[in-house]
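# Descriptive structure summary
Here is how the chains run, residue by residue.
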Amino acid sequence: YNALVEFLKSDNSGFAVDLDKAFLISDRDTQNFKTTQYEEILKKCENQGFVWIVSNPSFQLWLLLHFTDDIESLDLANIKSCKKQILKIETQIRALSGNGYTHGNLKQSMFRPLIERAIKNSEKYCLSVNDLKENIGTNFSVLVKYISCI
(Lines give C-alpha, C1' and ligand atoms only; values in the text may rest on other atoms or scores of the structure.)
Protein backbone atom coordinates (compact mmCIF):
# COMPACT_ATOMS: atom_id res chain seq x y z
CA TYR A 1 0.00 0.00 0.00
CA ASN A 2 2.68 2.50 1.00
CA ALA A 3 4.64 1.80 -2.17
CA LEU A 4 1.51 2.47 -4.23
CA VAL A 5 0.93 5.81 -2.51
CA GLU A 6 4.54 6.85 -3.07
CA PHE A 7 4.38 5.82 -6.73
CA LEU A 8 1.17 7.76 -7.34
CA LYS A 9 2.70 10.85 -5.74
CA SER A 10 5.78 10.62 -7.94
CA ASP A 11 6.13 12.54 -11.17
CA ASN A 12 6.64 9.26 -13.07
CA SER A 13 3.19 7.85 -12.34
CA GLY A 14 1.19 10.10 -14.63
CA PHE A 15 -1.50 10.12 -11.93
CA ALA A 16 -3.38 13.43 -11.86
CA VAL A 17 -5.00 13.87 -8.46
CA ASP A 18 -7.59 16.29 -9.86
CA LEU A 19 -8.56 14.01 -12.78
CA ASP A 20 -7.84 10.40 -11.89
CA LYS A 21 -9.24 7.99 -9.34
CA ALA A 22 -7.27 5.28 -7.61
CA PHE A 23 -9.04 2.05 -6.72
CA LEU A 24 -7.84 -0.54 -4.25
CA ILE A 25 -9.46 -3.93 -4.85
CA SER A 26 -9.52 -6.72 -2.29
CA ASP A 27 -11.49 -9.60 -0.88
CA ARG A 28 -12.69 -9.61 2.71
CA ASP A 29 -11.03 -12.84 3.68
CA THR A 30 -11.88 -13.06 7.37
CA GLN A 31 -9.30 -15.77 8.03
CA ASN A 32 -6.38 -13.71 6.73
CA PHE A 33 -7.73 -10.18 7.15
CA LYS A 34 -8.15 -9.06 10.75
CA THR A 35 -10.73 -6.43 11.73
CA THR A 36 -7.96 -4.05 12.80
CA GLN A 37 -6.33 -4.40 9.39
CA TYR A 38 -9.65 -3.66 7.72
CA GLU A 39 -10.05 -0.48 9.77
CA GLU A 40 -6.48 0.56 9.00
CA ILE A 41 -6.90 0.15 5.25
CA LEU A 42 -10.27 1.91 5.35
CA LYS A 43 -8.69 4.95 7.06
CA LYS A 44 -5.73 4.97 4.67
CA CYS A 45 -8.02 4.87 1.64
CA GLU A 46 -10.15 7.68 3.04
CA ASN A 47 -7.05 9.78 3.80
CA GLN A 48 -5.60 9.27 0.32
CA GLY A 49 -8.90 9.62 -1.56
CA PHE A 50 -8.75 6.03 -2.82
CA VAL A 51 -11.92 4.11 -3.59
CA TRP A 52 -11.80 0.74 -1.84
CA ILE A 53 -13.56 -2.04 -3.70
CA VAL A 54 -14.32 -4.95 -1.39
CA SER A 55 -16.02 -8.29 -1.94
CA ASN A 56 -17.07 -10.21 1.14
CA PRO A 57 -16.16 -13.02 1.18
CA SER A 58 -14.49 -12.99 -2.25
CA PHE A 59 -14.48 -11.71 -5.84
CA GLN A 60 -16.34 -14.87 -6.87
CA LEU A 61 -19.43 -13.37 -5.24
CA TRP A 62 -19.39 -10.62 -7.89
CA LEU A 63 -19.19 -13.32 -10.56
CA LEU A 64 -22.13 -15.21 -9.04
CA LEU A 65 -24.24 -12.07 -9.09
CA HIS A 66 -24.10 -12.16 -12.89
CA PHE A 67 -26.40 -15.20 -12.74
CA THR A 68 -28.55 -14.77 -9.64
CA ASP A 69 -29.60 -12.37 -6.94
CA ASP A 70 -30.21 -15.22 -4.50
CA ILE A 71 -27.14 -15.47 -2.34
CA GLU A 72 -29.09 -15.95 0.89
CA SER A 73 -29.78 -19.58 -0.03
CA LEU A 74 -26.03 -20.26 0.08
CA ASP A 75 -26.07 -19.42 3.81
CA LEU A 76 -22.54 -18.00 3.58
CA ALA A 77 -22.72 -16.19 6.91
CA ASN A 78 -22.92 -19.54 8.71
CA ILE A 79 -19.89 -21.02 6.95
CA LYS A 80 -16.84 -20.02 8.96
CA SER A 81 -14.17 -21.09 6.50
CA CYS A 82 -13.53 -18.62 3.69
CA LYS A 83 -12.29 -21.46 1.48
CA LYS A 84 -15.58 -23.31 1.98
CA GLN A 85 -17.53 -20.14 1.22
CA ILE A 86 -15.62 -19.69 -2.05
CA LEU A 87 -16.08 -23.35 -2.95
CA LYS A 88 -19.83 -23.04 -2.41
CA ILE A 89 -20.00 -19.86 -4.51
CA GLU A 90 -17.96 -21.41 -7.31
CA THR A 91 -20.11 -24.54 -7.31
CA GLN A 92 -23.17 -22.32 -7.74
CA ILE A 93 -21.50 -20.34 -10.57
CA ARG A 94 -20.75 -23.60 -12.39
CA ALA A 95 -24.32 -24.82 -11.97
CA LEU A 96 -25.88 -21.57 -13.17
CA SER A 97 -23.45 -21.01 -16.04
CA GLY A 98 -23.70 -24.50 -17.47
CA ASN A 99 -20.27 -25.52 -16.16
CA GLY A 100 -18.59 -22.74 -18.13
CA TYR A 101 -16.68 -21.43 -15.11
CA THR A 102 -13.20 -22.52 -14.11
CA HIS A 103 -11.31 -20.86 -11.26
CA GLY A 104 -8.25 -19.10 -12.67
CA ASN A 105 -9.51 -19.24 -16.27
CA LEU A 106 -12.22 -16.61 -16.43
CA LYS A 107 -14.12 -16.49 -19.70
CA GLN A 108 -15.06 -12.83 -19.99
CA SER A 109 -17.47 -13.57 -22.81
CA MET A 110 -19.62 -15.50 -20.35
CA PHE A 111 -19.89 -12.58 -17.91
CA ARG A 112 -19.72 -9.44 -20.06
CA PRO A 113 -23.32 -9.64 -21.41
CA LEU A 114 -24.60 -9.96 -17.83
CA ILE A 115 -22.82 -6.98 -16.26
CA GLU A 116 -25.93 -4.85 -15.87
CA ARG A 117 -27.69 -7.76 -14.16
CA ALA A 118 -24.73 -8.18 -11.79
CA ILE A 119 -24.85 -4.48 -10.92
CA LYS A 120 -28.59 -4.66 -10.23
CA ASN A 121 -28.22 -7.87 -8.21
CA SER A 122 -25.31 -6.51 -6.16
CA GLU A 123 -27.36 -3.48 -5.17
CA LYS A 124 -29.70 -5.78 -3.25
CA TYR A 125 -26.88 -6.51 -0.81
CA CYS A 126 -24.32 -4.62 1.19
CA LEU A 127 -22.45 -1.97 -0.85
CA SER A 128 -20.96 0.21 1.88
CA VAL A 129 -17.26 -0.37 2.38
CA ASN A 130 -17.83 0.28 6.09
CA ASP A 131 -20.49 -2.44 6.30
CA LEU A 132 -18.68 -4.94 4.07
CA LYS A 133 -16.34 -5.53 7.00
CA GLU A 134 -19.03 -7.70 8.60
CA ASN A 135 -21.69 -8.28 5.91
CA ILE A 136 -21.88 -10.39 2.76
CA GLY A 137 -21.81 -8.31 -0.40
CA THR A 138 -19.62 -6.45 -2.86
CA ASN A 139 -19.22 -2.90 -4.09
CA PHE A 140 -17.45 -4.05 -7.26
CA SER A 141 -20.27 -2.40 -9.22
CA VAL A 142 -18.80 0.99 -8.23
CA LEU A 143 -15.66 0.21 -10.22
CA VAL A 144 -17.57 -1.26 -13.16
CA LYS A 145 -19.84 1.78 -13.36
CA TYR A 146 -16.86 4.11 -13.23
CA ILE A 147 -14.96 2.29 -15.96
CA SER A 148 -17.93 1.79 -18.25
CA CYS A 149 -19.67 5.10 -17.42
CA ILE A 150 -22.95 3.28 -16.72
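Below you will find a few notes about this structure. (Residues numbered from 1 in each chain as written. Predicted model: local features only at pLDDT ≥ 70, side-chain atom pairs only at ≥ 80, totals over all residues. Heavy atoms only, no water.)

## Details of unusual backbone geometry
Omega for the peptide link from N56 to P57 comes to 15 degrees, which places this bond in the cis form. The residue D75 is not glycine, and still its phi comes out positive at about 55 degrees. Along the chain, D75 falls in the loop between helix 3 (59-64) and helix 4 (82-97). Its relative accessible area of 39% is what places D75 among the partly exposed residues. (Helix = DSSP H or I, 4+ residues; strand = E, 2+ residues; numbered from the N terminus. Buried < 20%, exposed > 50% of the residue type's maximum accessible area, 1.4 Å probe, protein only.)

## Comments concerning helix 4
With 16 residues, helix 4 extends 22 Å from end C-alpha to end C-alpha; this agrees with the ideal 22 Å at 1.5 Å per step. All of the buried residues in helix 4 are C82, Q85, I86, I89, E90, I93 and S97. End-on, the buried residues of helix 4 take up no more than an arc of 130 degrees, which puts them together on one face. Residues of helix 4 that are exposed and point over 90 degrees away from its buried face: K84, L87 and A95. Buried residues along helix 4 sit against helix 3 and helix 5 (108-111). For helix 4, the N-terminal cap is S81; the gap from its side-chain oxygen to the backbone nitrogen of K83 is 3.3 Å. Two residues or fewer past helix 4, G98 is found with a positive phi of approximately 75 degrees. (Expected span 1.5 Å × (residues − 1). Arc of directions from axis to C-beta. Contact = heavy atoms within 4.5 Å. Polar contact = N/O pair within 3.5 Å; in protein donor to acceptor, adjacent residues only side chain to side chain.)

## Observations concerning the pattern of salt bridges
Per the stated rule, a full pass over the model turns up four salt bridges. One salt bridge connects K124 with D69, and the closest N-O pair in it is separated by 2.4 Å. Of this pair, K124 sits in the loop between helix 6 (115-122) and strand 3 (137-138) while D69 sits in the loop between helix 3 and helix 4; the two residues are 55 residues apart in sequence, bridging distant segments of the chain. Judged by its relative accessible area of 47%, K124 is partly exposed. (Salt bridge = Lys/Arg side-chain N within 4 Å of Asp/Glu carboxyl O.)

## Looking at the state of the cysteines
One way to say it: the disulfide is the covalent bond shared by the sulfur atoms of two cysteines. Counting across every chain of the model gives zero disulfides. Considering cysteine sulfurs only, C126 is the nearest to C45, which forms no disulfide, with 16 Å between them. Overall, C45 belongs to the buried group, its relative accessible area being 2%. In this structure C126 is a free cysteine whose sulfur lies 16 Å from that of C82, the closest cysteine sulfur available. Judged by its relative accessible area of 14%, C126 is buried. (Disulfide = S-S within 2.5 Å.)

## A closer look at the nonpolar core
Ranked by size, the top nonpolar core spans 24 residues in total, and within it W62, I89, I93 and F111 carry the most contacts. Going through the elements one at a time, strand 2 (51-56), helix 3, helix 4, helix 5, helix 6 and helix 7 (140-148) are the ones with two or more residues in this core. Sort the elements by how many residues they give to this core and helix 3 lands first, with four residues. Ignoring sequence-local partners within four residues, the contact set of I93 consists of Q60, L63, L64, F67, Y101 and F111. By size, the runner-up hydrophobic cluster in this structure holds 13 residues, among which are Y38, F50, C126 and L132. (Core = buried A, V, L, I, M, F, W, Y, C linked by side-chain atoms within 4.5 Å.)

## Structural notes on the pairing of strand 2
Buried residues dominate strand 2, accounting for six of its six residues. On strand 2, burial covers both faces: V51, I53 and S55 on one face and W52, V54 and N56 on the other are all buried. With five bridges connecting them, strand 1 (residues 23-27) and strand 2 associate as parallel partners. Across the sheet, D27 pairs through a bridge with S55, a residue of strand 2. The β-α-β motif built from strand 1, the intervening helix 2 (residues 35-48) and the parallel element strand 2 has right-handed crossover chirality. (Pairing = 2+ DSSP bridges. Right-handed = clockwise from strand over helix to strand, strands pointing away.)

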